[in-house]
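Residues per chain, in single letters:
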Amino acid sequence: MDWHAWHDTYDSPGSWLGRRLALVQERVRLALDEAPPGPLTAVSLCAGQGRDLIDVLVGHPRRDDVRARLVELDERNVAAARAAVAGLPGVEVVAGDASWSDRYVGLVPADLVLICGILGNVTDADVERLLDHCTRLCRTGGTVVWTRSRHIEPDLVPQVCAWLEERGFERVWVSDPELGFGVGAHRFGGEPRPLLPGEQMFEFVGYDVLR
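Residues numbered from 1 in each chain as written. Predicted model: local features only at pLDDT ≥ 70, side-chain atom pairs only at ≥ 80, totals over all residues. Heavy atoms only, no water.

> How would you summarise the packing of helix 1 (residues 16-34) against helix 2 (residues 51-58) if you had to cite specific residues and measurements?
Where helix 1 meets helix 2, the axes come as close as 9 Å, and the angle between the chain directions of the two elements is 55 degrees. Considering the angle they form, helix 1 stands oblique to helix 2. As for how helix 1 packs across helix 2, the hand of that crossing is right-handed. Contacts between helix 1 and helix 2 involve Leu21, Val24, Gln25, Val28, Arg29 and Leu32 from the former and Arg51, Asp52, Leu53, Asp55, Val56 and Leu57 from the latter. Residues of the contact of helix 1 with helix 2, tallied by class, amount to 7 nonpolar, 1 polar and 4 charged. (Axes fitted to C-alpha atoms, helices over the stretch in contact; angles between N-to-C directions. Helix = DSSP H or I, 4+ residues; strand = E, 2+ residues; numbered from the N terminus. Parallel < 35°, antiparallel > 145°, perpendicular 65-115°, else oblique. Left-handed = near helix turned anticlockwise from the far one by under 90°. Contact = heavy atoms within 4.5 Å. Nonpolar A, V, L, I, M, F, W, Y, C, P; charged D, E, K, R; others polar.)

In structure tokens, the structure reads:
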């Protein structure tokens, strides 16, 4: 899979990726709007070109409050994200494997955790494993924004919600099933567990391989 070319679909009018992006950005914007005053931290796993967060921060009144780390493996996407963060000194784009816990040391537990574009590209067991690690990545009162395709059978969106809620996350919002893709936001009500170094939180397989 060419994950750089994959991003081109975002720019196609009416594309499902474009519609999904708009919903993700809406949830990110609301999470920032509702966050308490003061400094905020955010992490984005498998961040791609960073559109989920960067496009929101550029015009958001909390932009200067946010320290964020975007982790992405594809060097071309990293370059695009770094170009996009010009003027956002609080945002760093890290080139590397986003699955390893070490990438997030010093910035978690975070106010905002983005796991968009991952859950459909890993095994179901790794979906649960990553969601379990969200209790280490997200602070009390923080928000996890996630996505998962509904075209993969069986539809795992209800189970994603259940796994998060079993771990102390409260459902804030989940997109309409008729859309064909899932976007969700869950707020963490528990106490974050310590982030353990050297842990692989998931293995990115790719939906093309999984199918």
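Resuming the write-up.
> Can you explain the pairing of strand 3 (residues 91-95)? Please cite residues and give values.
Sheet topology places strand 2 (residues 66-72) next to strand 3; 5 bridges connect them, and they run parallel. Counted as the bridge partner of Leu70 is Val93 from strand 3. In terms of handedness, the path from strand 2 via helix 3 (residues 75-84) over to strand 3 forms a crossover that is right-handed. (Pairing = 2+ DSSP bridges. Right-handed = clockwise from strand over helix to strand, strands pointing away.)

> Got a sec to walk through the sheet that holds strand 3? Specific residues and values, please.
Hydrogen bonding along the main chain pairs the strands of a sheet, whether they run parallel or antiparallel. Pairing within the open sheet is mixed, and its 7 strands lie in the order 3-2-1-4-5-7-6. Every other strand in the sheet has two partners, leaving strand 3 and strand 6 (169-174) as the edge strands with one partner each. Within this sheet the neighbouring strands show an average axis-to-axis angle of 15 degrees, counted without direction. Packed on one face of the sheet, helix 2 meets strand 1 (40-45), strand 2, strand 3 and strand 4 (110-115) and runs near 150 degrees to strand 2. Taken strand by strand, helix 3 contacts strand 2 and strand 3, and its axis lies near 170 degrees from that of strand 3.

> How would you summarise the nonpolar core if you had to cite specific residues and measurements?
Within the largest apolar cluster, 31 residues are counted, with the highest numbers of intra-cluster contacts made by Leu45, Tyr104, Val113, Ile115 and Trp146. For this core, the elements supplying multiple residues, two or more each, are strand 1, strand 4, helix 4 (124-137), strand 5 (138-149) and helix 5 (157-166). Apart from residues no more than four positions distant in its own chain, Val113 is found in contact with Val43, Leu45, Leu137, Cys138, Thr143, Val144 and Val145. Counting residues in hydrophobic clusters, the runner-up holds 29 residues, among them Val24, Leu40, Ile54 and Leu70. (Core = buried A, V, L, I, M, F, W, Y, C linked by side-chain atoms within 4.5 Å. Buried < 20%, exposed > 50% of the residue type's maximum accessible area, 1.4 Å probe, protein only.)

> Pulling in residues and values, what's your account of the layout of surface pockets?
If you add up the space inside the largest pocket, you get close to 480 Å³. Around the largest pocket, the lining is made up of 30 residues, and of these Trp3, Cys46, Gly48, Glu72 and Phe204 lie nearest the centre. If you list the elements that add at least two residues to the lining of the largest pocket, you get helix 1 and helix 2. Looking at the lining of the largest pocket element by element, the count peaks at 4 residues for helix 1. In the lining of the largest pocket, the residues fall into 13 nonpolar, 10 polar and 7 charged. In this structure, the second largest pocket spans a volume of roughly 320 Å³. Broken down by secondary-structure element, the contributors of at least two residues to the lining of the second largest pocket are helix 1 and strand 5. A per-class count over the lining of the second largest pocket returns 6 nonpolar, 7 polar and 3 charged. (1 Å grid on protein atoms, 1.4 Å probe; cavity = no way out; pocket = protein on both sides within 12 Å on 5 of 7 lines; lining within 4 Å. Points joined across faces, edges and corners; volume = space filled by probe spheres on them.)

By themselves, these figures tell us nothing about what the structure is for.
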